[in-house]
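What follows is the residue order along each chain.
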Amino acid sequence: MYYFIVNKTSGNGKGYQSWLKVEEILKNMEIDFLVEFTEYVGHAKEIAEKQSFFQDAMAIVVIGGDGTIHEVVNALVLKDVPLAVIPAGTGNDYARSLHIPFNVEEALERVFKGIPTWIDTPKVDKEYFISIAGMGFDGKVAEVTNQSKSKNILNKIGLGNLVYIINIFKVLFTYQPTGVKITIDGKEIDFHDVWLIAIANLPYYGGGLKICPDARADDEKFDICIVSGISRWELLLVFPRVFRGSHITHRHVSMFKGETVLLAPNSNMILQCDGEIMVKEELFFSIEKKSLKIL
Ligand SMILES: Nc1ncnc2c1ncn2[C@@H]1O[C@H](COP(=O)(O)OP(=O)(O)OP(=O)(O)O)[C@@H](O)[C@H]1O
């Protein structure tokens with residue numbers, strides 16, 4: 001039995017359109033399935049937590065974006081049932097990072113024919129995430145993006161991930177960098193004028209920005225990118241390099257690898273995980289090694 005969790009609203013309706021295609025294929029192929037539609041924030045996790053989901057599941061298939069996958073992962077970590085994804089969100093950075101096809105038919109073929117593998121699951125405080133946690137500039141961009149009306153309009157014309165780029169420029173001219181003490185695997189480093197800190201298990205965020213190009217889901221380590229001490233104008237010039245991942249050699253960009261990270265910002269910084277804003281008491285990041293079975 002295949003279990004589907006569908007967020008009809010993801011990608012401004014793309015979730016529902018993708019489900020209609022999937023449903024038709026499942027019926028034509030006479031495949032046993034059950035489907036539940038999410039109705040509110042947090043519902044995808046509740047659905048995936050139900051005991052019945054694990055008794056005879058070949059896979060739990062999410063049709064939605066990174067926010068919906070994030071919720072389901074929080075129910076599936078350390079369970080022996082594979083997570084599969086039909087990408088239908090705005091950014092789809094999980095799918096992009098793990099080479100999951102964006103085409104519905106091809107993504108579904110991977111669900112049926114893929115070989116399950118175990119990947120690491122990163123964690124902040126007690127909450128799991130899937131790809132990247134970011135603090136600072138990108139947290140602010142995520143906040144503005146999630147409130148943005150143009151997200152819906154751009155999604156309608158198939159340019160959904162352009163909304164992140166537009167908001168990056170909006171926030172660039174107003175953001176105030178701050179000092180942060182960063183402790184990686186017990187080693188403390190002080191950074192001044194920090195624009196952003198990305199703590200990554202996968203390379204992409206923000207709808208295709210390759211912020212940590214060497215991040216791998218199964219290397220049992222975070223890749224950490226810190227941008228600090230840079231002027232607004234220089235940041236603007238460096239920004240296009242993030243699409244190729246070549247920003248990492250810039251003098252104001254520091255890259256690290258580590259198993260644990262503790263952040264202590266001098267002033268309030270917004271935290272985003274997988275594109276959703278989070279409020280956490282302790283900014284301690286760790287990795288649950290090889291803990292998520294995926295297709
Ligand atoms: N029926 C619903 N109505 C409103 N929000 C919902 C509903 N079901 C789920 N959600 C919430 O919608 C949020 C965003 O969904 P999702 O991430 O799937 O799409 P997206 O934001 O378009 O894509 P991406 O995260 O890839 O940019 C999730 O955090 C989820 O909790």
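As recorded in an unreviewed UniProt entry, the chain goes by the name Lipid kinase YtlR, listed as coming from Sutcliffiella rhizosphaerae. Under the UniProt heading Sequence similarities (unreviewed entry), the entry covering the chain gives this text: "Belongs to the diacylglycerol/lipid kinase family." Its UniProt record gives the chain a comment under Cofactor (unreviewed entry), which states: "Mg(2+)".

Chemist: Which residues make up the overall build of the chain, and what are the values?
Modeler: A count of helical and extended segments in the chain gives ten helices and 17 strands. Relative to the compact-globule value of 19 Å for 295 residues, the chain shows a C-alpha radius of gyration of 19 Å, a close match. Principal-axis analysis of the C-alpha atoms gives the chain an extent of 60 × 40 × 30 Å. Of all 295 residues assigned to the chain, the portion counted as buried reaches 46%. If you take every contact in the chain between residues at least 6 apart in sequence, the share linking residues at least 24 apart comes to 75%.

Chemist: So what's going on with the environment of Phe137? Residues and values would help.
Modeler: With respect to the helices and strands, Phe137 occurs in helix α7 (residues 137–146). Sequence-wise, Phe137 and Ile270 are 133 residues apart; in three dimensions their C-alpha atoms are separated by 7.9 Å.

Chemist: Go over unusual backbone geometry with me, naming the residues and quoting the values.
Modeler: Even without being glycine, Glu220 reaches a positive phi, approximately 60°. Structurally, Glu220 is set in the loop between β11 (209–210) and β12 (222–228). Backbone geometry at Lys290 places phi at a positive 40°, although glycine is not the residue there. Counting through the fold element by element, Lys290 comes out in strand β17 (residues 284–294).

Chemist: Help me get a handle on the nonpolar core, residues and values and all.
Modeler: Across soluble globular proteins, you tend to see nonpolar side chains buried next to one another. With 81 residues, the main nonpolar core has Val61, Val72, Leu83, Ile197, Ala198 and Ile199 as its most contacted residues. Formed jointly, this core draws a minimum of three residues from each of two domains, domain 1 (2–115) and domain 2 (127–294).

What counts, and at which threshold
Along each chain, the written sequence defines residue order, and numbers are assigned to residues from 1. For a predicted model such as this one, the threshold for reporting local features is a pLDDT of at least 70, and the threshold for listing and counting side-chain atom pairs is 80 or more; totals across whole chains, interfaces and linings nevertheless cover every residue. UniProt positions are given in the numbering used here, feature names are shortened, and annotations may be inferred rather than shown by experiment. The helix and strand labels rest on DSSP assignments: H or I over at least four residues marks a helix, E over at least two residues marks a strand, and numbering proceeds from the N terminus. In this treatment the radius of gyration is a C-alpha quantity, and the globule benchmark scales as 2.2 Å times the residue count to the 0.38 power. Partly exposed residues are those whose C-beta has more than 12 but fewer than 20 other C-beta atoms within 10 Å; 20 or more makes a residue buried and 12 or fewer makes it exposed, with C-beta atoms placed from the backbone. The contact rule is simple: place each C-beta atom from the backbone, and if two of them lie within 7 Å, those residues are in contact. Linking buried Ala, Val, Leu, Ile, Met, Phe, Trp, Tyr and Cys residues through C-beta atoms within 7 Å yields a set, and such a set is a nonpolar core. Domain segmentation is taken from an automatic or database assignment of domains.

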